Amino acid sequence: MSNSTGTKNPKISYQKGTILDKRILSQKVTLFKIKPEVVFEWVPGQFIITKNMISGEERVADYSILSSPTVINEFEIAVENYEGSRVGKYLHSLKPGDNFIFKAPRGGFLLEKNPNSSIFVFRNIGIAAIIPLLNQLYEKNSKEKFIVFNFNSSDFTEIFKTRFDKFRERLDLTYNLIDINVLDSQVINNGKLNKNQMRTLFSEYTDFKLYIAGASEFVKNFRQKAISFGFDKNNIVREFFG
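Bear in mind that the values here come from a model prediction, so they are computed numbers and not experimental data.

Basis of the calculations
Residues numbered from 1 in each chain as written. Predicted model: local features only at pLDDT ≥ 70, side-chain atom pairs only at ≥ 80, totals over all residues. Heavy atoms only, no water. Pairing = 2+ DSSP bridges. Helix = DSSP H or I, 4+ residues; strand = E, 2+ residues; numbered from the N terminus. Axes fitted to C-alpha atoms, helices over the stretch in contact; angles between N-to-C directions. Contact = heavy atoms within 4.5 Å. Core = buried A, V, L, I, M, F, W, Y, C linked by side-chain atoms within 4.5 Å. Buried < 20%, exposed > 50% of the residue type's maximum accessible area, 1.4 Å probe, protein only. Expected span 1.5 Å × (residues − 1). Salt bridge = Lys/Arg side-chain N within 4 Å of Asp/Glu carboxyl O. Phe/Tyr/Trp six-rings, centres within 6.5 Å; stacked < 30°, edge-to-face > 60°. Polar contact = N/O pair within 3.5 Å; in protein donor to acceptor, adjacent residues only side chain to side chain.

K.L.:
Lay out the sheet that holds strand 7 (residues 118–123) with the relevant residues and their values.
P.N.:
In space, the five strands of this open sheet follow the order 9-8-7-10-11, with parallel pairing throughout. Taken across any chain shown, the strands that pair with only one partner, and hence form the sheet edges, are strand 9 (172–178) and strand 11 (236–241). Geometrically, the sheet is characterised by an average inter-axis angle of 10° between neighbouring strands, direction not taken into account. Two elements, strand 7 and strand 8 (residues 145–151), share six bridges in a ladder whose sense is parallel. Considered in strand 8, the bridge of Val121 is made with Phe149. Taken strand by strand, helix 2 (residues 127–139) contacts strand 7, strand 8, strand 9, strand 10 (209–215) and strand 11, and its axis lies near 155° from that of strand 7. Strands strand 7, strand 8 and strand 9 of the sheet are contacted by helix 5 (residues 195–202), whose axis makes an angle of about 140° with strand 8.

K.L.:
Lay out the nonpolar core in plain terms, naming residues and giving numbers.
P.N.:
The biggest cluster of nonpolar side chains holds 32 residues, and the ones touching the most others in it are Phe120, Leu134 and Phe164. Those elements that place two or more of their residues in this core are strand 2 (29–36), strand 7, helix 2, strand 8, helix 3 (161–167), strand 9, strand 10 and strand 11. Considering every element that reaches this core, the biggest residue donor is helix 2, with nine residues. Aside from chain neighbours lying at most four places away, what touches Phe164 is Phe122, Ile127, Ile131, Leu134, Val148, Leu173 and Tyr175.

K.L.:
Let's hear about helix 2: which residues, and what values?
P.N.:
The terminal C-alpha atoms of helix 2, which comprises 13 residues, lie 18 Å apart, in line with the 18 Å expected from a rise of 1.5 Å per residue. Regarding helix 2, the residues found buried are Ile127, Ala128, Ala129, Ile130, Ile131, Pro132, Leu133, Leu134, Asn135, Gln136, Leu137 and Tyr138. Phi for Asn141, located one or two positions after helix 2, is positive at around 60°.

K.L.:
So what's going on with the pattern of salt bridges? Which residues, and what values?
P.N.:
Side chains carrying opposite charge are able to pair once their charged atoms draw close together. Taken as a whole and assessed by the stated rule, the structure comprises nine salt bridges. Note that Glu57 is salt-bridged to Arg59, the shortest N-O span being 3.2 Å. Residue class for Arg59 comes out partly exposed when judged on its relative accessible area of 25%. The closest approach of N and O atoms between Lys95 and Asp98, which form a salt bridge, is 3.6 Å. Residue class for Lys95 comes out exposed when judged on its relative accessible area of 52%. Sharing partners across several salt bridges, the network here consists of Glu57, Arg59 and Arg86.

K.L.:
Can you explain unusual backbone geometry? Please cite residues and give values.
P.N.:
Here the bond from Ala104 into Pro105 is cis, since omega is 0°, no more than 30 degrees from zero. With respect to the secondary-structure elements, Pro105 resides in strand 6 (residues 99–106). Its identity is not glycine, yet Ser55 carries a phi of approximately 55°, on the positive side. Note that Ser55 resides in the loop between strand 3 (47–54) and strand 4 (57–64). Its identity as a non-glycine residue notwithstanding, Asn141 has a phi of 60°, on the positive side. Within the secondary structure, Asn141 sits in the loop between helix 2 and strand 8.

K.L.:
Any details on the packing of aromatic side chains? Residues and values, ideally.
P.N.:
What the rule picks out here adds up to 20 aromatic pairs. Centre to centre, the rings of Phe164 and Phe167 are 5.9 Å apart; their planes meet at 90°, and the pair counts as edge-to-face. Of the two residues, Phe164 and Phe167 are both situated in helix 3; the distance of three residues between them amounts to about one turn of the helix. Look at Phe164 and you get buried, because its relative accessible area is 0%.

K.L.:
So what's going on with the side chain of Asn221? Which residues, and what values?
P.N.:
As for its placement among the helices and strands, Asn221 is situated in helix 6 (residues 216–229). Among the polar contacts listed, one links the side chain of Asn221 to the backbone oxygen of Asn190, at a separation of 2.8 Å. Excluding anything up to four places from it in sequence, Asn221 contacts Asn190, Gly191 and Lys192.

Here's what the structure looks like:
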C-alpha cells in the first residue's frame, strides 16, 4: 500500500473517500465512484469498511470493491438503500464532492489461482461480490466454463445486466435469472431449495467450485442445501451481506 507520493504505508487505517460520481442503478441501488485520500491496492473480491457518524451514532457497513485493481487511484462500490439501512440511506444522501470515512482492503472472497469450472450463486445485492471475480476472469481471458445463477427477489431490480453481456464476449459464461417465474418468492429469499429444485437447477454442477454471495440467511441455507445435494463443502466460498 502506498500514498499518492509513493511513500509505503503498510498499515490499514481509516481514511477519507471523496465521491467523484454517483449513478442510480435502480430504485434501491446506487453506484459510487470514489477517490481515496491514500491510494491502496486490493485483490478482486475484497471490500471496504465504512465507519461514519449518522444521527449521532457510529455506524459501520461493508461494501465490495467493484472496479479493477489495475486502476488504484479510484474505485467503485454499489450501495443498497434497503428498508432500515441507516448507512445505505446516509450514503445515498451524499453527492459528488462529499466525503465519508472508510478503511480497506478487507475480505477473502477470492478466486482460486487456477480455477476449474465455477458456479456463481448470488441473491440481490450479492451481485456486488461476484462482479469483481468475473471481471478478473474477463481481464485474464479465462477459457474455463462459468455458470451464473442470479436470485432476484420481487422487490429487487436486475442490475449489471450489461456487465454480464460484456463478460460473455470473452468468457464461456451462462447467465440464469432466478425470479418468481422460476421459484417461489420465499425460496428466493431464504435459499431453502428442495431436492427437486436443486436437481433441476444444479445437477450438472456438483463438481464445480461454488461461490455464494448474498444476505446471511440465504447464504447459510443455500450452502447447507448445496452440501446435502452433493457439493463438496471444501469447494465452497461464501460472502455474507447484512
